[in-house]
Amino acid sequence: MTSGPDVNACKLDSPATSEQLNQIIASLEATLDGELVSQILTCVHCGLCADSCHYFLTNPENEAIPAYKAGLIADFYKSRHTVAGRFFPKLVGARPLDAGSVAAWVDSLYGRCSLCGRCTLNCTMGIGIHQIIRRGRTALASAGLVPSSLQSTVDTAINSGNNMGISKEEWLDTIAWLTEELQGETGDPTAELPLDKTDVDYLYSINPREAKFYPLSLLAAGKIFYAAGVSWTFASDNYDVTNYGLFSGDDEKSALIASRLQDTAIRLRAKTIILGECGHGFNANRWEGPEWRGKPHEIPEISILDILERMLAEKKITVDPGKHTKPVTLHDPCNLGRLGGVVDPQRVVLRQAVSNLVEMNPNREKNFCCGGGGGQLSMTRYAERRIKAGQMKADQIAATGAKVVVAPCHNCIDQLSELNKHYKLGVDIKTVTEMVADALVLNPPA
Ligand code: SF4
Ligand code: SF4
């Protein structure tokens, strides 16, 4: 993930060229399928989605209402494909897309949405609002109108195999250093963080932010796998669990990135890919990946949270909740919980690993987005809005009285860290894996 100003700001804020306009229209015509189109026209303007969206709740502007955002695409559709929309556009709210309105699309679809799906969950008519918004992003992406800092994150992943552009040398150095740490912590000079091992049960994929900024979360995973005695490996290339194509809207690049983890697992003859703690990485790989690739995955993919739950159930690892006595709360990443269906394993695991787990309200699939999803963390031009939209999450955390926030997603952790500072929450922020590793009892008495 990159930071810095958007170098294409001028392009995003200016009227579109006729070529861009044609590309956007062609993309919308090609990607709006029958199911979405039938949904798009059923909005009854009840306003319920507005009260679901952290952007609207923290800044009640018209442009922040989910129905407004999806309505941009609905109005375009009506202007071209309904009789009333063609002949009496004002009467039915049909709006053809013109060069001047494209900047407003960029601002609403990229700049006021984290693709969290909370509006979709609460829509009276069951409209897939966030999916429609992503289709709008797909159309803008086809015309080169992705904010540059998001686009460069996708391009870095495509060009280097990981979204941080970590070189192989850096990655191998990190693993060598972490191996020494693991040997020190376990007192076992033969303990290792395996790399490119073949015929293993698990290939462990990571968020490259871990290698760059949070290497101790990788050590935590290694320590747990060591204690459980499982057969696993890191890969030296194409190990990235993230996929920012989900956020840019570019399905072709999304498919290419999603294929790489599969190719790595096939190369190493791994039986299963473990998806490390990354909310959007889970959704992009586990659910969207086969759609983008147009075929089922060759190698099954499973969340690390399911693996941790299984290791505890099978007594392959033992934890002592007495090692975590401060009140702990749990954040549900939108792409993992609401959109990915993983809400129970992390709770089963934490109830065993900590003494005092306090739920946020609302939680599970109804939880509020932290504000960092949808590519917002990489789109520096919208940073101020992102921090403001995160106030719902900051208030949720403060209300629990927790001293530790557990977030099974490194993107969420970055946003929560910024919220922690901005809203003076005074909490520690950890992954589930780190909490388990800290509570681990190595060689428990038989
Ligand atoms: S997907 Fe989330 S951020 Fe986007 S409009 Fe819906 S509720 Fe708001
Ligand atoms: S909740 Fe659904 S039906 Fe109601 S305004 Fe929003 S999009 Fe339209």
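Above this text sits the structure in question.
The written sequence of each chain sets the order in which its residues are numbered from 1. Ligands are numbered from 1 and chains lettered from A, in the order in which they are written. Selection of residues for local features in this predicted model requires a pLDDT of at least 70, selection of side-chain atom pairs for listing and counting requires 80 or more, and totals for whole chains, interfaces and linings are taken over all residues. Computation of side-chain values: all heavy atoms of the structure, hydrogens and water removed.

With that settled, consider the nonpolar core. In terms of nonpolar packing, the biggest core is built from 62 residues, with Trp171, Tyr204, Phe225 and Phe234 touching the most fellow members. The leading source of residues in this core is helix α14 (residues 215-228), at seven residues. Once residues lying within four places of it in the same chain are set aside, the contact partners of Trp171 are Ile166, Leu195, Ile206, Ala211, Leu218, Phe234, Ala235, Ser236 and Tyr239. Residue types Ala, Val, Leu, Ile, Met, Phe, Trp, Tyr and Cys, when buried and joined through side-chain atoms within 4.5 Å, form a set referred to as a nonpolar core. Buried residues are those whose accessible area, probed at 1.4 Å on protein chains only, stays under 20% of the maximum for their type, while exposed residues exceed 50% and partly exposed ones sit between those limits. In this structure, Leu12, Tyr244, Leu246 and Tyr382 belong to the second largest nonpolar core, which totals 58 residues. Secondary structure is summarised from DSSP: a helix means a run of H or I of at least four residues, a strand means a run of E of at least two, and numbering begins at the N terminus for each. What makes two residues a contact is simply this: any of their non-hydrogen atoms within 4.5 Å.

Another aspect to go through is the site of ligand 2. We call a residue near a given molecule or strand whenever any one of its heavy atoms falls within 4 Å of it. Neighbouring residues of ligand 2: Cys43, Val44, His45, Cys46, Gly47, Leu48, Cys49, Ala67, Cys123, Thr124, Met125 and Ile129. Grid points spaced at 1 Å and placed over the protein atoms alone form the basis of the search, with a cavity being a set where a 1.4 Å probe fits but cannot get out and a pocket an open set showing protein on both sides within 12 Å along at least five of seven lines. Lining residues have an atom within 4 Å of a point. Any molecule with more than half of its atoms within 2 Å of a cavity's or pocket's grid points is counted as sitting in it. Spatially, ligand 2 is embedded in the second largest pocket. Split by residue class, the shell around ligand 2 holds nine nonpolar, three polar and no charged. Side-chain classes are defined by residue name, with Ala, Val, Leu, Ile, Met, Phe, Trp, Tyr, Cys and Pro counting as nonpolar, Asp, Glu, Lys and Arg as charged, and the others, Gly among them, as polar.

The linkage connecting Asn361 with the following residue, Pro362, adopts the cis geometry, with an omega of -5 degrees. By the secondary structure assignment, Pro362 is in the loop between β6 (357-358) and α20 (383-389).

The local shell around ligand 1 holds 13 residues, among which Cys53, Cys113, Cys116, Gly117 and Cys119 are the closest. Among the cavities detected, the one that contains ligand 1 is the second largest cavity. At the level of elements, α4 (54-58), α5 (66-81) and α10 (129-142) are the ones that each hand at least two residues to the shell around ligand 1. Partitioned by chemical class, the residues of the shell around ligand 1 number eight nonpolar, four polar and one charged.

This part covers the environment of Met392. Looking at the element boundaries, Met392 is found in helix α21 (residues 391-400). A C-alpha to C-alpha distance of 7.6 Å links Met392 and Cys370, two positions 22 residues apart in sequence. Among all residues touching Met392, those that are not within four sequence positions of it are His54, Leu57, Thr58 and Phe368.

Pairing in this open sheet of four strands is parallel, and the strands run β6-β5-β7-β8 from one edge to the other. This sheet does not close on itself; its edge strands, each paired only once, are β6 and β8 (428-430). Sitting on the sheet, helix α22 (residues 410-422) touches β7 (404-406) and β8, and the angle it makes with β8 is about 175 degrees. Only when DSSP finds a minimum of two bridges between them are two strands counted as paired. Comment: axis = line fitted to C-alpha atoms, over the contacting stretch for helices; angle = value between 0 and 180 degrees taken between N-to-C directions.

Turning next to the layout of surface pockets. Grid points are joined across faces, edges and corners, and a volume is the space filled by probe spheres set on the points. Volume-wise, the largest pocket comes out at about 590 Å³. Lining the largest pocket are 18 residues; nearest its centre among them are Gln131, Arg134, Arg135, Glu288 and Glu291. Listed by contribution, the elements that provide at least two residues to the lining of the largest pocket are α3 (34-40), α10, α15 (245-248) and α17 (279-293). Class assignment for the residues of the lining of the largest pocket results in six nonpolar, five polar and seven charged. As for the second largest pocket, its lining consists of 28 residues, and the residues nearest its centre are Cys43, His45, Ala67, Tyr68 and Gly71. A per-element tally of the lining of the second largest pocket places α5 first, with nine residues. Class assignment for the residues of the lining of the second largest pocket results in 20 nonpolar, five polar and three charged.

On to the side chain of Asn283. Structurally, Asn283 is set in helix α17. By relative accessible area, which is 5% here, Asn283 ends up buried.

Where helix α18 (residues 304-313) is concerned, the buried positions are Ile304, Leu305, Ile307, Leu308, Met311 and Leu312. One side of α18 holds all its buried residues, which, seen down the axis, span an arc of 160 degrees. Looking at the buried side of α18, the elements it contacts are β1 (202-205), α14, β3 (272-275), β4 (301-303), α19 (345-353) and α23 (432-439). Where α18 starts, the residue carrying a side-chain oxygen 3.0 Å from the main-chain nitrogen of Leu305 turns out to be Ser303. Of the residues one or two after α18, Lys315 is the one with positive phi, at around 60 degrees. Within this analysis, the arc is defined by the directions that extend from the helix axis to the C-beta atoms. Any N or O atom pair separated by 3.5 Å or less is treated as a polar contact, with the protein-specific requirement of one donor-capable and one acceptor-capable atom, and with residues adjacent in sequence counted only for side-chain atom pairs.

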